[in-house]
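As a plain string of letters, each chain reads:
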Amino acid sequence: MRRFMMALMLVPLASAAVGNGDPFGFLPDGGRGIFARAFPDSRAQQAALAETRSAAEWSAALAGSGLTEREAATLAAYLAHIAPVQAGLDPVADLPRDGRDMALAQCQSCHSLFSGYLMQRRDRQGWLSVFASPFHAAIPMTEGERAIFADYSAINLPMRLDEVPPELRF
Ligand code: HEC
């Protein structure tokens with residue numbers, strides 16, 4: 001536990017996605033991206049991924065880590081879904097898709113991300129209910145992935161209009 005905190009406090013907190021030319025860099029990091037920042041070396045990463053904790057327990061463990069409240073909640077929900085898991089030599093490379101990954105990969109082919117996703121205010125259950133309609137039920141996401149997606153989306157959306165680049169507001 002103390003090792004976690006040490007690792008967490010040494011982390012540079014700038015979002016990896018912002019400023020590297022990614023047109024979706026404005027979309028908040030999901031658990032995968034935050035994990036890589038919160039646990040900087042593979043030993044700390046393997047130790048974290050071996051833990052069995054609820055989202056509430058992860059939130060408590062991440063308190064004071066230097067993450068924003070929202071980032072900590074996002075990471076806590078993600079870890080509660082994916083851990084414990086036996087991590088390999090490069091734990092970050094093996095992490096499953098997070099909510100951000102899924103939104104970018106699965107939610108833009110039929111309508112814009114802006115109208116169908118970024119501006120939507122829903123709680124976890126509201127996001128899960130999106131998958132009830134036949135056209136959404138067919139999206140290739142497992143039940144576990146839908147849960148990760150629903151938590152990420154409930155915590156991080158809606159975005160503010162001024163956070164979205166003008167060319168994506170359609
Ligand atoms: C296979 C096509 C398709 C994909 C992929 C798709 N949608 Fe949709 N979505 C639709 C259609 C069709 C509608 C209905 C549009 C309308 O009512 O005009 C819709 C409407 C919506 C709505 C508003 C209507 C409602 O249910 O309240 C939301 C929210 C939404 N989609 C979210 C998502 C999310 C989140 C994803 C990714 C997980 C996604 N969509 C991916 C086809 C798709």
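Definitions and cut-offs
- Residues numbered from 1 in each chain as written.
- Predicted model: local features only at pLDDT ≥ 70, side-chain atom pairs only at ≥ 80, totals over all residues.
- Near = placed C-beta within 6 Å.
- Helix = DSSP H or I, 4+ residues; strand = E, 2+ residues; numbered from the N terminus.
- Nonpolar A, V, L, I, M, F, W, Y, C, P; charged D, E, K, R; others polar.
- pLDDT = per-residue confidence, 0-100.
- Contact = placed C-beta atoms within 7 Å.
- Axes fitted to C-alpha atoms, helices over the stretch in contact; angles between N-to-C directions.
- Parallel < 35°, antiparallel > 145°, perpendicular 65-115°, else oblique.
- Left-handed = near helix turned anticlockwise from the far one by under 90°.
- Buried ≥ 20, exposed ≤ 12 C-beta atoms within 10 Å, placed from the backbone.
- Arc of directions from axis to C-beta.
- Core = buried A, V, L, I, M, F, W, Y, C linked by C-beta atoms within 7 Å.

1. Structural notes on the site of the ligand
Consideration 1: Close to the ligand lie 13 residues, the nearest being Gln106, Cys107, Cys110, Gly116 and Phe135.
Consideration 2: Elements represented by at least two residues in the shell around the ligand include exactly helix H7 (113–118) and helix H9 (134–137).
Consideration 3: Considering only residue class, the shell around the ligand consists of six nonpolar, seven polar and no charged.

2. Some details on the confidence of the model for the protein
Consideration 1: Of all residues in the protein, 88% attain a pLDDT of 70 or more, and the chain-wide mean is 91.
Consideration 2: The low-confidence segment residues 5–17, where pLDDT is below 50, has 24 contacts with residues more than four positions distant or belonging to other chains.

3. Re the packing of helix H6 (residues 99–106) against helix H10 (residues 143–156)
Consideration 1: Contact geometry for H6 and H10: axes closest at 8 Å, N-to-C directions at 100°. What the angle tells us is that H6 and H10 run roughly perpendicular. Along the contact surface, H6 presents Gly99, Arg100 and Met102, while H10 presents Glu145, Ile148, Phe149, Asp151, Tyr152 and Ser153.
Consideration 2: Residues of the contact of H6 with H10, tallied by class, amount to four nonpolar, two polar and three charged.

4. Considering the packing of helix H4 (residues 55–62) against helix H5 (residues 69–82)
Consideration 1: Where H4 meets H5, the closest approach of the two axes is 8 Å, and the angle between their N-to-C directions is 135°. On the basis of their axis angle, the class for H4 and H5 is oblique. As H4 runs across H5, the sense of the crossing is right-handed. Only Ala72, Ala73, Leu75, Ala76, Ala77, Leu79 and Ala80 of H5 make contact with H4, whose side of the interface consists of Ala55, Trp58, Ser59 and Leu62.
Consideration 2: Of the residues in the contact of H4 with H5, the class split is 10 nonpolar, one polar and no charged.

5. Comments concerning helix H3 (residues 42–49)
Since the α-helix turns once every 3.6 residues, residues separated by three or four places project in the same direction.
Consideration 1: What H3 keeps buried is the set Gln45, Ala48 and Leu49. Buried positions in H3, seen along its axis, are confined to an arc of 95° and lie on one side of it.

6. Some details on the nonpolar core
General note: in soluble globular proteins, nonpolar side chains tend to be found buried as a group.
Consideration 1: In terms of nonpolar packing, the biggest core is built from 30 residues, with Leu62, Leu75 and Ala76 touching the most fellow members.
Consideration 2: Of all elements in the fold, only helix H2 (31–38), H3, H4, H5, H6, H7 and H10 reach the threshold of two or more residues within this core.
Consideration 3: Counting residues per element, this core draws most heavily on H5, which supplies eight residues.
Consideration 4: Excluding residues that lie within four positions of it along the chain, Leu75 makes contacts with Gly31, Ile34, Phe35, Ala38, Leu62 and Leu67.

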